[in-house]
Amino acid sequence: TERLNVTEERMVQGLQTSLLFLEDMEANTSFTPEMTEHAFQEEIVDGVLLRGIIDRVDTCNDLVRVLDYKSSSHKLQEKSVKAGQSLQLLSYLIIAQKMTGKKPLGAYYFSLKDAGFAVEAASVSRNVVNDVILSEDLLKERLIKERRLCGWTFEDRGVELDENNKHIVSGTKLMDYDLAKECIEEIYAYFQQHLLKGEIPLSPVDGACTFCDYRSICRFVSDYRPLEPLVMKDVPLQQGKETK
(Lines give C-alpha, C1' and ligand atoms only; values in the text may rest on other atoms or scores of the structure.)
Protein backbone atom coordinates (compact mmCIF):
# COMPACT_ATOMS: atom_id res chain seq x y z
CA THR A 1 0.00 0.00 0.00
CA GLU A 2 2.80 2.40 0.88
CA ARG A 3 4.57 1.71 -2.42
CA LEU A 4 1.39 2.36 -4.37
CA ASN A 5 0.81 5.60 -2.49
CA VAL A 6 4.38 6.78 -3.18
CA THR A 7 4.07 5.77 -6.84
CA GLU A 8 0.81 7.69 -7.19
CA GLU A 9 2.31 10.74 -5.49
CA ARG A 10 5.32 10.73 -7.86
CA MET A 11 3.10 10.29 -10.92
CA VAL A 12 0.91 13.23 -9.92
CA GLN A 13 3.96 15.37 -9.18
CA GLY A 14 5.47 14.44 -12.54
CA LEU A 15 2.29 15.40 -14.39
CA GLN A 16 2.07 18.70 -12.51
CA THR A 17 5.64 19.68 -13.42
CA SER A 18 5.03 18.56 -17.03
CA LEU A 19 1.98 20.80 -17.22
CA LEU A 20 3.96 23.66 -15.70
CA PHE A 21 6.56 23.32 -18.46
CA LEU A 22 3.95 23.01 -21.22
CA GLU A 23 2.11 26.08 -19.93
CA ASP A 24 5.32 28.12 -20.01
CA MET A 25 6.32 26.75 -23.41
CA GLU A 26 2.95 27.57 -24.98
CA ALA A 27 3.14 31.10 -23.62
CA ASN A 28 6.32 31.58 -25.67
CA THR A 29 5.38 29.92 -28.95
CA SER A 30 3.02 30.75 -31.80
CA PHE A 31 2.26 27.08 -32.39
CA THR A 32 -1.07 25.65 -31.27
CA PRO A 33 -2.24 22.01 -31.19
CA GLU A 34 -3.92 20.98 -34.43
CA MET A 35 -4.33 17.27 -33.66
CA THR A 36 -3.79 15.07 -30.61
CA GLU A 37 -3.65 11.26 -30.42
CA HIS A 38 -4.13 11.24 -34.18
CA ALA A 39 -4.34 7.72 -35.65
CA PHE A 40 -3.02 7.35 -39.18
CA GLN A 41 -2.41 4.74 -41.87
CA GLU A 42 -0.12 5.97 -44.63
CA GLU A 43 2.30 4.57 -47.18
CA ILE A 44 5.77 5.84 -46.28
CA VAL A 45 7.42 4.32 -49.39
CA ASP A 46 6.02 2.06 -52.12
CA GLY A 47 4.91 -1.18 -50.50
CA VAL A 48 5.45 -0.08 -46.88
CA LEU A 49 2.30 0.92 -45.00
CA LEU A 50 2.66 2.56 -41.60
CA ARG A 51 0.03 2.57 -38.88
CA GLY A 52 0.41 4.57 -35.70
CA ILE A 53 -0.77 7.34 -33.42
CA ILE A 54 0.90 10.77 -33.32
CA ASP A 55 0.70 12.24 -29.82
CA ARG A 56 0.52 15.85 -30.94
CA VAL A 57 0.66 17.87 -34.17
CA ASP A 58 1.10 21.65 -33.81
CA THR A 59 0.71 24.23 -36.57
CA CYS A 60 1.49 27.92 -37.06
CA ASN A 61 0.59 29.58 -40.35
CA ASP A 62 2.55 27.61 -42.99
CA LEU A 63 4.51 25.51 -40.46
CA VAL A 64 3.98 22.16 -38.74
CA ARG A 65 5.78 20.36 -35.92
CA VAL A 66 5.20 17.11 -34.03
CA LEU A 67 5.63 16.25 -30.35
CA ASP A 68 5.99 12.73 -29.01
CA TYR A 69 5.46 12.20 -25.28
CA LYS A 70 7.81 9.72 -23.59
CA SER A 71 7.98 8.25 -20.10
CA SER A 72 11.78 8.59 -20.11
CA SER A 73 14.41 10.85 -21.65
CA HIS A 74 15.03 10.46 -25.40
CA LYS A 75 17.42 12.11 -27.86
CA LEU A 76 17.37 12.10 -31.65
CA GLN A 77 20.88 11.29 -32.84
CA GLU A 78 21.95 11.25 -36.49
CA LYS A 79 23.88 8.00 -36.17
CA SER A 80 20.86 6.20 -34.69
CA VAL A 81 18.59 7.57 -37.43
CA LYS A 82 20.90 6.33 -40.19
CA ALA A 83 21.17 2.96 -38.44
CA GLY A 84 17.39 2.52 -38.45
CA GLN A 85 17.15 2.70 -34.66
CA SER A 86 15.20 5.98 -34.43
CA LEU A 87 12.48 5.92 -37.07
CA GLN A 88 9.36 6.88 -35.14
CA LEU A 89 9.70 10.63 -34.60
CA LEU A 90 10.83 11.60 -38.12
CA SER A 91 8.26 9.22 -39.63
CA TYR A 92 5.58 11.08 -37.69
CA LEU A 93 6.82 14.40 -39.10
CA ILE A 94 6.75 13.05 -42.67
CA ILE A 95 3.19 11.83 -42.13
CA ALA A 96 2.14 15.14 -40.52
CA GLN A 97 3.58 17.05 -43.48
CA LYS A 98 1.51 14.92 -45.86
CA MET A 99 -1.65 15.42 -43.81
CA THR A 100 -1.33 19.19 -43.40
CA GLY A 101 0.55 20.23 -46.53
CA LYS A 102 2.60 22.60 -44.36
CA LYS A 103 6.36 23.12 -44.13
CA PRO A 104 8.02 20.87 -41.49
CA LEU A 105 9.67 22.96 -38.79
CA GLY A 106 10.63 20.36 -36.21
CA ALA A 107 10.08 17.06 -34.44
CA TYR A 108 10.61 16.71 -30.70
CA TYR A 109 10.43 14.34 -27.76
CA PHE A 110 8.91 15.54 -24.49
CA SER A 111 9.80 13.47 -21.43
CA LEU A 112 7.15 13.05 -18.73
CA LYS A 113 9.77 11.69 -16.34
CA ASP A 114 10.11 13.80 -13.20
CA ALA A 115 13.90 14.07 -13.11
CA GLY A 116 15.84 15.96 -10.46
CA PHE A 117 18.00 18.98 -11.15
CA ALA A 118 20.89 20.69 -9.39
CA VAL A 119 20.89 24.19 -7.91
CA GLU A 120 24.16 25.79 -6.84
CA ALA A 121 24.39 26.61 -3.15
CA ALA A 122 26.58 29.65 -3.78
CA SER A 123 28.65 31.55 -6.35
CA VAL A 124 32.12 33.05 -6.03
CA SER A 125 33.06 36.48 -7.41
CA ARG A 126 36.44 38.11 -6.62
CA ASN A 127 36.99 35.70 -3.74
CA VAL A 128 33.64 36.62 -2.23
CA VAL A 129 31.13 33.82 -1.65
CA ASN A 130 27.55 34.78 -2.48
CA ASP A 131 24.78 32.51 -1.31
CA VAL A 132 22.17 31.61 -3.92
CA ILE A 133 18.66 32.48 -2.83
CA LEU A 134 16.28 29.66 -3.76
CA SER A 135 13.40 31.69 -5.06
CA GLU A 136 10.34 30.29 -6.80
CA ASP A 137 11.45 31.94 -10.05
CA LEU A 138 14.89 30.29 -9.89
CA LEU A 139 13.40 26.84 -9.25
CA LYS A 140 10.96 27.29 -12.13
CA GLU A 141 13.79 28.35 -14.44
CA ARG A 142 15.84 25.23 -13.59
CA LEU A 143 12.79 22.96 -13.91
CA ILE A 144 12.03 24.33 -17.38
CA LYS A 145 15.65 23.85 -18.43
CA GLU A 146 15.52 20.22 -17.28
CA ARG A 147 12.29 19.49 -19.17
CA ARG A 148 13.25 21.02 -22.54
CA LEU A 149 12.12 19.35 -25.77
CA CYS A 150 14.74 17.22 -27.53
CA GLY A 151 14.73 16.69 -31.28
CA TRP A 152 15.52 18.32 -34.60
CA THR A 153 14.68 21.77 -35.98
CA PHE A 154 14.63 22.34 -39.74
CA GLU A 155 13.79 26.03 -40.26
CA ASP A 156 15.17 29.24 -38.75
CA ARG A 157 11.85 30.44 -37.36
CA GLY A 158 12.82 30.90 -33.73
CA VAL A 159 10.28 33.63 -32.95
CA GLU A 160 7.34 31.41 -33.86
CA LEU A 161 8.91 28.25 -32.44
CA ASP A 162 10.31 29.39 -29.09
CA GLU A 163 10.37 33.12 -28.52
CA ASN A 164 12.70 33.16 -25.52
CA ASN A 165 14.77 30.14 -26.68
CA LYS A 166 14.39 28.30 -23.35
CA HIS A 167 12.23 25.29 -24.19
CA ILE A 168 14.15 23.32 -26.84
CA VAL A 169 17.60 21.74 -26.60
CA SER A 170 19.83 23.10 -29.39
CA GLY A 171 16.85 24.84 -30.97
CA THR A 172 19.14 26.97 -33.15
CA LYS A 173 20.94 23.95 -34.68
CA LEU A 174 19.27 23.32 -38.02
CA MET A 175 18.93 19.97 -39.78
CA ASP A 176 18.10 19.44 -43.46
CA TYR A 177 14.53 18.13 -43.76
CA ASP A 178 14.86 16.92 -47.37
CA LEU A 179 17.95 14.87 -46.49
CA ALA A 180 16.33 13.54 -43.31
CA LYS A 181 13.24 12.49 -45.27
CA GLU A 182 15.39 10.84 -47.92
CA CYS A 183 17.29 9.00 -45.19
CA ILE A 184 14.11 7.67 -43.55
CA GLU A 185 12.69 6.53 -46.90
CA GLU A 186 15.94 4.75 -47.82
CA ILE A 187 15.93 2.91 -44.49
CA TYR A 188 12.36 1.67 -44.98
CA ALA A 189 13.25 0.57 -48.51
CA TYR A 190 16.37 -1.18 -47.13
CA PHE A 191 14.36 -3.13 -44.56
CA GLN A 192 11.68 -3.96 -47.10
CA GLN A 193 14.18 -5.42 -49.58
CA HIS A 194 15.90 -7.53 -46.94
CA LEU A 195 12.64 -8.87 -45.51
CA LEU A 196 11.32 -9.79 -48.96
CA LYS A 197 14.55 -11.69 -49.64
CA GLY A 198 14.31 -13.45 -46.28
CA GLU A 199 17.54 -11.85 -45.07
CA ILE A 200 17.09 -11.53 -41.30
CA PRO A 201 20.53 -12.15 -39.76
CA LEU A 202 20.84 -12.70 -36.03
CA SER A 203 23.03 -9.65 -35.32
CA PRO A 204 21.28 -7.26 -32.92
CA VAL A 205 22.74 -4.04 -31.56
CA ASP A 206 23.18 -3.52 -27.83
CA GLY A 207 19.79 -3.22 -26.10
CA ALA A 208 17.74 -4.78 -28.91
CA CYS A 209 17.06 -7.94 -26.89
CA THR A 210 15.69 -6.16 -23.82
CA PHE A 211 12.02 -6.21 -24.87
CA CYS A 212 12.19 -8.88 -27.60
CA ASP A 213 9.33 -11.42 -27.46
CA TYR A 214 11.52 -14.08 -29.10
CA ARG A 215 14.57 -13.88 -26.88
CA SER A 216 13.96 -17.31 -25.37
CA ILE A 217 13.82 -18.86 -28.85
CA CYS A 218 16.90 -17.37 -30.51
CA ARG A 219 19.06 -17.51 -27.34
CA PHE A 220 21.50 -14.95 -28.70
CA VAL A 221 24.79 -15.18 -26.77
CA SER A 222 27.33 -13.60 -29.12
CA ASP A 223 28.66 -10.04 -29.10
CA TYR A 224 26.33 -7.25 -30.15
CA ARG A 225 27.20 -5.60 -33.45
CA PRO A 226 28.29 -1.95 -33.37
CA LEU A 227 25.74 0.71 -34.26
CA GLU A 228 26.63 1.70 -37.82
CA PRO A 229 24.72 3.67 -40.49
CA LEU A 230 22.85 1.56 -43.04
CA VAL A 231 22.27 4.39 -45.52
CA MET A 232 23.76 7.80 -46.40
CA LYS A 233 26.91 7.02 -44.41
CA ASP A 234 28.91 10.00 -45.70
CA VAL A 235 26.06 12.48 -46.05
CA PRO A 236 25.61 14.76 -43.01
CA LEU A 237 22.01 15.70 -42.23
CA GLN A 238 22.84 19.00 -40.52
CA GLN A 239 22.55 22.16 -42.56
CA GLY A 240 25.89 23.74 -43.43
CA LYS A 241 27.85 20.49 -43.04
CA GLU A 242 29.90 19.47 -46.07
CA THR A 243 29.75 15.96 -47.50
CA LYS A 244 32.82 13.97 -46.57
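Here the structure is a predicted model, which is why all the values come from computation and not from measurement.

Participant: Help me understand the sheet that holds strand β2 (residues 48–60), please; the structure alone is not making it clear to me.
Facilitator: The strands that make up a sheet are held in pairs by hydrogen bonds between backbone atoms, and each pair lies either parallel or antiparallel. As summarised here, the arrangement of the five strands in space is β1-β2-β3-β4-β7, forming an open sheet in which the pairing is mixed. The outermost strands of the open sheet, each flanked by one partner alone, are β1 (32–45) and β7 (150–153). Strand-to-strand twist across the sheet, computed as the mean angle between neighbouring axes with direction ignored, equals 30°. With four bridges connecting them, strand β4 (residues 103–111) and β7 associate as antiparallel partners. Residue Tyr109 lies in a different strand from β7, and its bridge partner there is Cys150. Packing of helix α1 (residues 2–26) onto the sheet brings it into contact with β2, β3 (63–70) and β4, and relative to β4 it is tilted by some 155°. Contacts between helix α3 (residues 88–100) and the sheet are confined to β1, β2, β3, β4 and β7, with β3 contributing the most and set at about 145° to the helix.

Participant: In this structure, what is going on with the pairing of β3? I would like to understand it.
Facilitator: For β3, the tally of buried residues reaches seven of eight residues, placing the bulk of the element in the interior. In terms of strand pairing, β2 meets β3 through five bridges, oriented antiparallel. Bridge pairing in β3 places Asp58 opposite Arg65. Hairpin connection between β2 and β3: a loop of two residues separates the two successive antiparallel strands, and Asn61 in this loop has a positive phi of roughly 55°. Bridging between β3 and β4 involves eight bridges; their strand directions are parallel. Paired with Leu63 across the strands is Lys103, a residue of β4.

Participant: How should I be thinking about the side chain of Asp68 in this particular structure?
Facilitator: Summarising the element assignment, Asp68 is placed in strand β3. A polar side-chain atom of Asp68 sits 3.1 Å from a polar atom in the side chain of Lys70. Once you skip the residues sitting within four places of it in the chain, Asp68 turns out to touch Asp55, Gln88, Leu89, Tyr92, Tyr108, Tyr109 and Phe110.

Participant: Before we go on, may I ask you to explain the layout of surface pockets in this structure?
Facilitator: Taking a probe equal in size to a water molecule and rolling it over the atoms shows the remaining empty space. Counted as a void, the largest pocket has a volume near 800 Å³. As for the largest pocket, its lining consists of 22 residues, and the residues nearest its centre are Phe191, Ile200, Pro201, Ser203 and Arg225. Here the element with the most residues in the lining of the largest pocket is helix α6 (residues 177–196); it accounts for four residues. Roughly 570 Å³ of volume is contained in the second largest pocket.

Participant: Would you take a moment to explain the pattern of salt bridges for this structure?
Facilitator: Close approach of charged atoms allows side chains of opposite charge to pair. Under the defined criterion, the tally for this structure stands at nine salt bridges. The residue Arg56 makes a salt bridge to Glu26 at a minimum N-O spacing of 2.8 Å. With Arg56 in strand β2 and Glu26 in helix α1, this residue pair connects regions lying 30 residues apart in the sequence. Owing to a relative accessible area of 4%, Arg56 belongs among the buried residues under this scheme. Between Glu160 and Arg157 there is a salt bridge, with its nearest N and O atoms 2.9 Å apart. According to the relative accessible area criterion, Arg157 is partly exposed, its value standing at 23%. Within the structure, one salt-bridge network assembled from shared partners comprises Glu26, Arg56, Asp58 and Arg65.

Definitions and cut-offs
Residues numbered from 1 in each chain as written. Predicted model: local features only at pLDDT ≥ 70, side-chain atom pairs only at ≥ 80, totals over all residues. Heavy atoms only, no water. Pairing = 2+ DSSP bridges. Helix = DSSP H or I, 4+ residues; strand = E, 2+ residues; numbered from the N terminus. Axes fitted to C-alpha atoms, helices over the stretch in contact; angles between N-to-C directions. Contact = heavy atoms within 4.5 Å. Buried < 20%, exposed > 50% of the residue type's maximum accessible area, 1.4 Å probe, protein only. Polar contact = N/O pair within 3.5 Å; in protein donor to acceptor, adjacent residues only side chain to side chain. 1 Å grid on protein atoms, 1.4 Å probe; cavity = no way out; pocket = protein on both sides within 12 Å on 5 of 7 lines; lining within 4 Å. Points joined across faces, edges and corners; volume = space filled by probe spheres on them. Salt bridge = Lys/Arg side-chain N within 4 Å of Asp/Glu carboxyl O.

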